[in-house]
Amino acid sequence: QSTPLEQVGHNGKPTIIDFWAPWCENCKAEAPTMKQITNVYSNRVNFVFVNADQPEALPLIDAFRVDAIPHMAMVSRDGDVLTALIGEVPGGVIRSDIDAMLDLNDNDDANDDKEERPVLPYQMYDAFRGRRVRVDFVPTDNDVDSSSSSLSSSAGSAGDLP
C-alpha cells in the first residue's frame, strides 16, 4: 500500500518513490524484493509506488527526472532527494540505503544546519547534479507548478506494486 504523497517529507520518515510499469520486465523481477522490503520497513519508511504508464504520473516523472524504469528515488525525512537507484537493484543495496537513511534520521537533529546533502552507501544517478533539491507534495488546486519543486497531491497516482 502506497503512502499518500502529501505525507512525504512531513511525517518524519524517509521515503522510497518507486516508478514502475506493468510491461517492465525488470520491474516485475524486482517486485517480490520490494514487497519483502516494504513488509520489513513499512512502519519506519514511506513507500510510494508510481505506475509510470499512467498519464497522471507525468508530473512526478518530470519532477524526479525519471528517464528509465525501474527508478527508485530515495528521499530523506525532510523531503530532500538523496539519490536514485535505476534498473533491477539487489535487495541488499536497497536495504543498505534505507538503513543509512534511518541512521540519518537518528542523527539528523544535530545536522539540521548543514547545507550539504547526506551521502548514502549506494548512489547511482544524481539527476540534480549535486544540488540540494527538496520536494514538497502540497495539496493545491493546480496539478503542478512546474517552476518549483512542489507538487500537488493529485500530481501522481500512487498505486500498489506491480
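Residues numbered from 1 in each chain as written. Predicted model: local features only at pLDDT ≥ 70, side-chain atom pairs only at ≥ 80, totals over all residues. Heavy atoms only, no water.

A.B. asks: I'm lost on the overall build of the protein in this one. Help?
C.D. replies: Check the secondary structure of the protein and you find 3 helices and 7 strands. Shown N-terminal to C-terminal, the secondary structure of the protein runs as helices and strands in the order β-α-β-α-β-β-α-β-β-β. A separation of at least 24 residues holds for 72% of the contacts in the protein among residues at least 6 apart in sequence. Carbon together with sulfur atoms contributes 45% to the accessible area of the protein, which is approximately 8000 Å² in total. (Helix = DSSP H or I, 4+ residues; strand = E, 2+ residues; numbered from the N terminus. Contact = heavy atoms within 4.5 Å. Areas by Shrake-Rupley, 256 points an atom, 1.4 Å probe, with all protein chains shown as cover.)

A.B. asks: Any chance you could explain the packing of aromatic side chains here in plain terms?
C.D. replies: Aromatic rings considered in pairs are described by the distance between their centres and by the relative angle of their planes. The tally for this structure, following the rule as stated, stands at 2 aromatic pairs. When the centroid spacing of 5.8 Å and the interplanar angle of 55 degrees are considered together, the rings of Phe 19 and Phe 64 count as tilted. Here Phe 19 is found in strand β1 (residues 15–20), whereas its partner Phe 64 is found in the loop between α2 (58–63) and β3 (71–75), with 45 residues between them in sequence. Ring centres 6.3 Å apart and planes at 5 degrees place the aromatic pair Phe 47 and Phe 49 in the stacked group. Of the residues examined, Phe 47 reaches a relative accessible area of 2% and is grouped as buried. (Phe/Tyr/Trp six-rings, centres within 6.5 Å; stacked < 30°, edge-to-face > 60°. Buried < 20%, exposed > 50% of the residue type's maximum accessible area, 1.4 Å probe, protein only.)

Nothing here speaks to function; it is geometry throughout.
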